Amino acid sequence: MMSFYIHKTTCISPQQTFGDNIDIATLHPSVDNKLYAIEPAYPQFKGNALRRMSKSTRIGAGAALPLLAGAPQPDGIIIGTQVSGMEENGKFLNQIIEYNEDMLTPGSFVQGTPNTISSQIALISNNKNYNLTHVHRGLAFENAVIDVAMLLNENPRSNYLLGGVDEISFNNYTLDTLAGWFKKEDCLNSDMYSSTTDGSLSGEGAAMFIVGNDKQNAMAQLKAITTIHSADVEVIKTRIKKFLEENLADGEKADLLLTGENGDKRSLPFYTSFDSLFDNYTSIARFKHMCGEYPTASSFALWLACNVVSGAVNVPQHMIKRKGEATGFKNILIYNTHKVGQHSCMLVSLPV
Amino acid sequence: MGVISAIGHSVDENHAALVNGKTGIIKGGGNFPSRYSGILPFGEVLIGTEELKTKLGVTEPGVTRTTLLALHAFNEAIADAKLTQNQLTAADTALVGATTVGGMCLTDELYANTHGDAENIEYVKSFDYASVNLYIQTRYGITGVINTMNTACSSSANAIMYGCRLIKSGLANRVIVGGADSLAKFTVNGFNALRILSDEACTPFDQNRKGLNLGEGAAFLVLEKEADVADKKIYAEVSGYGNANDAYHPSSLSPEGDGPYLAMKNALDSAGLKPVDIDFINAHGTGTENNDEVESRAMLRLFNALPDFASTKGFTGHVLGAASAIEAVYSVLNIDRQELYPNLNFKEPISGIGLQPVQAHSVAAIKHVMSNSFGFGGNCTSLIFSKVQ
């Protein structure tokens, strides 16, 4: 039921994932515990428009528009984001305090609403179809995926633009650091998995997908998705086992796990428990050292999984945690948890 | 159903105010410190944040006013629908809520947090939109699908639509849908900077309208499959929904009103109804120059003969992410009580359009009500509620 085919995908991330020369073998380093997106030139946006856009809108629309160029209008635009526009919100909050609620300019207020990404893409591409923004923190992207899967059951012949976007802003970085979600000591992304402290490295990115029910020419299939809310390792383990039994055919195995391990010692037990569900056949790879921790980082993982099953990229050595016996990666299982309480699992396969 | 707004803390209190034409808009602002307190009119919920915490038995740190309003309405809704604790925690019970302010109501606290005042960290975990529903989820141990959406002023209309679709797709058998927003420096200053806040009580669809009043509140509705309802009361059915984007401007609607027109048309199509079947339209009717004119033109474009229509923003103010959920409750009351409520403060039709909204409480035969919500970013959603035969 919760399944669809992915036809095209783009990603603006802290690694070289966008444009013609994708290269994920070279790992770009974090700076001051942050992994900032490598932004392209954005030929689609004219001067003033670009200056007014928040970073999340820039990277979101910037990743989406190449997918829409020369293609039929998608029947809807569905975006997941926790608090895109937070930087703009922050500017507006600062104005309120610093100018004592007087003589404010509305630009940052308007640009600060998270539905700006989906609505800017609609505006630029003149798309008057279904348009929705999911903001459920660490499951914002997963809820967008579920929305699209339902839409494709309701309207089987349609195609949709699906995306996950979040940005590093001064405000959310500071708040999440105060709340203990980012490391206080210096740590490089290449060393993050050996860290034994609380917190991860902050990241950002935008991943966009054109999806539909048509198997022909599809690069990957999202076979199933589940979301789980719990802080209990055993509950998660049981639910994921059930998910695998329901969605992997008899004798079929996951070839590759793509896990959101993030160097935070509090989330490590969930990933260790997840890894333990699989024998030596299955390879285990990690992705957060590439994109950093952010609420919609699972969209980066989905971009990776689509490109790996389709053979567009190889899994570089820096991602591998455990090399398994599997010789090809046809079934990839993505597991991610955000701030310990929100978990998701997605099964991505080569279309057959 | 459950609702808390400027005109009452329960469905019954809201209903009494609607019948009596009693507005909740006052020059208040006692519950959110702002230089506009006492100067601009607001649809304020007249209960203090600490009093709400006590009333609801909330003792944990970091719970915002937005969350408290949501919890208040949520509690009334699940009691009204007689949901048991087992049903609440069942895997087939979903929660879909909407908000545009979320934890951002704590403007000063967020500023203090992000500018190095490490003493004041109670709210650092609740600054986002999801914090509202995550609190309710944790409090009640909800395990099914949980979601939060933000499409500005149409947010909770989308939550209601999404809830219906979860049931139709089999991902849930019952869904608690709604929205919550509290008055905040953040939105008051945003709308003020856009120069669309009126310094008087708003006058939707009036020629001399001066803008909107912001309000606060929350509403939740329990959606269940007809087959599961047993002997419980059915207020109405959600028979249709339509979502479209105006694709015109970040903060105003196109002159042609393509987004509003398409949302209404898609809702009719999804319900399998014709324009003539609609008995009443709960209009978005914010009282701004732009919205009321565009909405009028879009309604005239779709309906040959326009049915009765009214905006309830003159009662509650514009409650942003909760507006559609609160107005869903009012639309359901239109059907359940077979009556219409007035569009307050209307005097003169908009020139060149000439439409007159309903201006008095009246008894009416109501089968199908359309409810409109149009937001920033061109996010437009219309819902249709119908009487169950």
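Owing to the predicted nature of the structure, the values given are computational and were not obtained by experimental measurement.

Parameters at a glance
- Residues numbered from 1 in each chain as written.
- Chains lettered and ligands numbered in written order.
- Predicted model: local features only at pLDDT ≥ 70, side-chain atom pairs only at ≥ 80, totals over all residues.
- Contact = placed C-beta atoms within 7 Å.
- Helix = DSSP H or I, 4+ residues; strand = E, 2+ residues; numbered from the N terminus.
- Nonpolar A, V, L, I, M, F, W, Y, C, P; charged D, E, K, R; others polar.
- Axes fitted to C-alpha atoms, helices over the stretch in contact; angles between N-to-C directions.
- Parallel < 35°, antiparallel > 145°, perpendicular 65-115°, else oblique.
- Left-handed = near helix turned anticlockwise from the far one by under 90°.
- Buried ≥ 20, exposed ≤ 12 C-beta atoms within 10 Å, placed from the backbone.
- Pairing = 2+ DSSP bridges.
- Expected span 1.5 Å × (residues − 1).
- Core = buried A, V, L, I, M, F, W, Y, C linked by C-beta atoms within 7 Å.
- Domains from an automatic or database assignment.

A. Spotlight on the interface of chain B and chain A. Contacts between the two partners involve 53 residues from chain B and, on the opposite side, 46 residues from chain A. Of all elements in the fold, only α5 (107–114), α6 (131–140), β5 (146–149), α7 (155–169), α8 (185–193), β8 (237–245) and α9 (258–271) of chain B reach the threshold of two or more residues within the side of chain B that touches chain A. The element best represented in the side of chain B that touches chain A is α5 of chain B, accounting for six residues. Taken together, the residues of the side of chain B that touches chain A break down into 24 nonpolar, 22 polar and seven charged.

B. The packing of α9 of chain B against helix α10 (residues 289–302) of chain B, seen in detail. Residue and element names in this part refer to chain B. Orientation of α9 relative to α10, taken along the N-to-C sense of each, is 45 degrees, at an axis distance of 8 Å. Between α9 and α10, the angle falls in the class oblique. Considering the relative orientation of α9 and α10, their crossing is right-handed. Two secondary-structure elements touch here, α9 through Pro-260, Tyr-261, Met-264 and Lys-265 and α10 through Val-294, Glu-295, Ala-298, Arg-301 and Leu-302. Counted by class, the contact of α9 with α10 contains six nonpolar, no polar and three charged residues.

C. Focus on unusual backbone geometry. Of note, the phi angle at Asn-100 of chain A is positive, near 50 degrees, even though the residue is not glycine. Note on placement: Asn-100 of chain A falls in the loop between α3 (86–98) and α4 (107–111).

D. Focus on the pairing of strand β7 (residues 205–212) of chain A. All names here are of chain A. Counting buried positions along β7 yields eight of eight residues, so the element is predominantly enclosed. Alternating positions in β7 separate into two faces, Gly-205, Ala-207, Phe-209 and Val-211 on one and Ala-206, Met-208, Ile-210 and Gly-212 on the other, with burial throughout. Sheet topology note: the strand β1 (residues 4–12)/β7 ladder contains seven bridges and is antiparallel. Paired with Ile-6 across the strands is Val-211, a residue of β7. As paired strands, strand β5 (residues 159–166) and β7 are joined by eight bridges and run antiparallel to one another. Residue pairing across strands places Val-165 opposite Ala-206, the latter belonging to β7.

E. Inspection of the sheet that holds strand β13 (residues 368–374) of chain B at higher detail. Residues and elements named next belong to chain B. In spatial order, the strands read β8-β14-β13-β9-β10; together these five strands make up an open sheet with mixed pairing. Both edges of this open sheet fall to β8 and β10 (308–310), since each of them pairs with a single strand only. Geometrically, the sheet is characterised by an average inter-axis angle of 20 degrees between neighbouring strands, direction not taken into account. Both strand β9 (residues 280–282) and β13 contribute to a ladder of three bridges, which runs parallel. What sits directly across from Ile-281, in β13, is Met-370. Against the sheet, α9 makes contact with β8, β13 and β14 (379–386), and its axis sits at roughly 145 degrees relative to β8, the strand it touches most.

F. Geometry of helix α6 (residues 140–154) of chain A. Residues and elements named next belong to chain A. End to end, α6 covers 21 Å across 15 residues, agreeing with the expected 21 Å (1.5 Å per residue, within 8%). Burial runs high along α6: 12 of the 15 residues are buried. Along α6, the residues classified as buried are Ala-140, Phe-141, Glu-142, Asn-143, Ala-144, Val-145, Ile-146, Asp-147, Val-148, Ala-149, Leu-151 and Leu-152.

G. Seen up close, the environment of Lys-265 of chain A. Residues and elements named next belong to chain A. When you line up the elements, Lys-265 lands in the loop between β9 (256–259) and α9 (268–275). C-alpha separation for the pair Lys-265 and Ala-231, spaced 34 residues apart in sequence, amounts to 14 Å. The contact partners of Lys-265, leaving out residues within four places of it in the chain, are Thr-196, Thr-197 and Asp-198.

H. Looking closely at the nonpolar core. If you look at the biggest cluster of nonpolar residues, it comprises 227 residues, and the most contacted ones within it are Ala-305 of chain A together with Leu-221 of chain B. Among residues more than four places away in sequence, those in contact with Ala-305 of chain A are Ala-220, Leu-258, Ile-332, Ile-334 and Val-348 of chain A.

I. The domain arrangement of chain A, seen in detail. Residue and element names in this part refer to chain A. By the assigned domains, chain A splits into domain 1 (4–212) and domain 2 (222–349). Taking the mean C-alpha position of each, domain 1 and domain 2 sit 22 Å from one another. Across the boundary between the two partners, domain 1 contributes 46 residues, which contact 33 residues of domain 2. Per-element tally for the side of domain 1 that touches domain 2: the top contributor is α6, with five residues. Across the side of domain 1 that touches domain 2, the residue classes break down as 20 nonpolar, 20 polar and six charged.

J. How the structure looks around the domain arrangement of chain B. Residues and elements named next belong to chain B. Entries for chain B in the domain assignment read domain 1 (2–228) and domain 2 (237–386). Domain 1 and domain 2 are separated by 21 Å when their C-alpha centres are compared. Each partner contributes residues to the interface: domain 1 has 62 residues there, and domain 2 has 53 residues. Mapped onto the side of domain 1 that touches domain 2, the elements with two or more residues apiece are α1 (11–20), β3 (42–43), α7, β6 (174–181) and β7 (217–224). The biggest single contributor to the side of domain 1 that touches domain 2 is α7, with eight residues. For the side of domain 1 that touches domain 2, the per-class residue count stands at 32 nonpolar, 26 polar and four charged.

K. Representation of α9 of chain B in the model. Residue and element names in this part refer to chain B. With 14 residues, α9 ought to run about 20 Å at 1.5 Å a step, and its terminal C-alpha atoms sit 20 Å apart, in line with that. Most of α9 sits inside the fold, with 12 of its 14 residues counted as buried. Turning to α9, its buried residues number three or more, namely Asp-258, Gly-259, Pro-260, Tyr-261, Leu-262, Ala-263, Met-264, Asn-266, Ala-267, Leu-268, Ser-270 and Ala-271. Its buried side turned inward, α9 meets β8, α10, β13 and β14. Remark: Gly-272 follows α9 within two positions and exhibits a positive phi of approximately 70 degrees.

L. Structural view of the environment of Leu-300 of chain B. Residues and elements named next belong to chain B. As for its placement among the helices and strands, Leu-300 is situated in helix α10. Owing to 15 C-beta atoms within 10 Å, Leu-300 belongs among the partly exposed residues under this scheme. Spatially, the C-alpha atom of Leu-300 lies 21 Å from that of Tyr-341, the residues being 41 residues apart in sequence.

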